[in-house]
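Chain by chain, the residues run as shown.
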Amino acid sequence: MIIVNLDVMMARRKMSSGELAEKIGITQANLSVLKTGKAKAVRFSTLEQICRVLDCQPGDILEFREDKNE
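Below or above, wherever it landed, is the structure these notes cover.

## Looking at the overall build of the protein
So, step 1. When you go through the protein residue by residue, the secondary structure sums to five helices and two strands.
So, step 2. Seen in sequence order, the protein has helices and strands lined up from the N terminus as β-α-α-α-α-α-β.
So, step 3. Taking 11 Å as the expected radius of gyration for a compact globule of 70 residues, we find that the protein reaches 12 Å, a close match to that expectation.
So, step 4. With respect to the principal axes defined by its C-alpha atoms, the protein has extents near 40 × 20 × 20 Å.
So, step 5. Burial analysis of the protein (70 residues in total) assigns 26% to the buried set.
So, step 6. Excluding contacts between residues fewer than 6 apart, the proportion of contacts in the protein whose partners are at least 24 apart in sequence is 61%.
So, step 7. Per element, the accessible surface of the protein, about 5,100 Å² overall, is 50% carbon and sulfur.
So, step 8. In the protein, the 11 positive side-chain charges and the 10 negative ones have mean positions that sit 3 Å from each other.

## So, the pattern of salt bridges
So, step 1. This model, assessed by the stated rule, comprises three salt bridges.
So, step 2. Measuring nitrogen to oxygen at the nearest pair gives 3.0 Å for the salt bridge that ties Arg52 to Glu48. With Arg52 and Glu48 both in helix 4 (residues 44-54) and four residues apart, this pair spans about one turn of that helix.
So, step 3. On the accessibility criterion, Glu48 (45% relative accessible area) is partly exposed.

## Brief notes about unusual backbone geometry
So, step 1. Positive phi, normally seen in glycine, also occurs at Lys14, with a value near 55°.
So, step 2. As for its placement among the helices and strands, Lys14 is situated in the loop between helix 1 (6-12) and helix 2 (17-24).

## So, the packing of helix 2 against helix 3 (residues 28-35)
So, step 1. Look at helix 2 against helix 3: their axes get within 9 Å of each other, and the N-to-C directions meet at 110°. Here helix 3 runs roughly perpendicular to helix 2, going by the angle between their axes. Packed against helix 2, whose contacting residues are Ser17, Gly18, Leu20, Ala21 and Ile24, the element helix 3 presents Gln28, Leu31 and Lys35 at the interface.
So, step 2. In terms of residue class, the contact of helix 2 with helix 3 is built from four nonpolar, three polar and one charged.

## Re the nonpolar core
So, step 1. Residues Leu6, Leu20, Leu31, Ile50, Leu54, Cys56 and Ile61 are the most contacted members of the largest nonpolar core, which totals 15 residues.
So, step 2. At the level of elements, helix 1, helix 2, helix 3 and helix 4 are the ones that each hand at least two residues to this core.
So, step 3. Among residues more than four places away in sequence, those in contact with Cys56 are Met9, Arg13, Cys51 and Ile61.

Each value, and the rule that gives it
Each residue is numbered by its place in its chain's sequence as written, counting from 1. Totals for whole chains, interfaces and linings use all residues, but because this is a predicted model, local features are given only for residues with pLDDT of at least 70 and pairs of side-chain atoms are given and counted only at 80 or more. Computation of side-chain values: all heavy atoms of the structure, hydrogens and water removed. Where helices and strands are cited, they refer to DSSP runs of H or I of at least four residues and of E of at least two residues respectively, numbered from the N terminus. A radius of gyration in this sense is built from C-alpha atoms; the matching globule rule multiplies 2.2 Å by the number of residues raised to 0.38. Relative accessibility thresholds used throughout: buried, under 20% of the residue-type maximum; exposed, over 50%; partly exposed, between the two (1.4 Å probe, protein chains only). By definition, residues are in contact when any of their heavy atoms lie within 4.5 Å. Accessible surface area values rest on a Shrake-Rupley calculation with a 1.4 Å probe, where residue burial reflects the displayed protein chains alone. Positive charges come from Lys and Arg, negative ones from Asp and Glu, while His and the chain ends are left out of the count. The atoms used to mark charge sites are NZ of Lys, CZ of Arg, CG of Asp and CD of Glu. Each reported salt bridge corresponds to a side-chain nitrogen of Lys or Arg within 4 Å of a carboxyl oxygen of Asp or Glu. Axis geometry follows a simple rule: fit a line to the C-alpha atoms, using only the stretch in contact for helices, then measure angles between N-to-C directions, giving values from 0 to 180 degrees. The scheme is simple: roughly parallel for angles under 35 degrees, roughly antiparallel for over 145, roughly perpendicular for 65 to 115, oblique for anything else. Gly is placed with the polar residues, together with every amino acid not listed as nonpolar (Ala, Val, Leu, Ile, Met, Phe, Trp, Tyr, Cys and Pro) or charged (Asp, Glu, Lys and Arg). What we call a nonpolar core is a set of buried Ala, Val, Leu, Ile, Met, Phe, Trp, Tyr and Cys residues that are connected through their side-chain atoms within 4.5 Å.

By themselves, these figures tell us nothing about what the structure is for.
Now the structure itself:
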């Protein structure tokens, strides 16, 4: 399973959801879907903008963990 650590990076950068959403050009609702891990996909362009604004790497935001239930 893929774990989204977006709120961790946002906290490290002291950035609110509203501020990040505005800077990357998506709605707060769509950012919330990403943050909660409920998104089925993420565009590379969106991921690139997030990394640019938060000054991080994709691996800082996305993490793979074995799903022991499968």
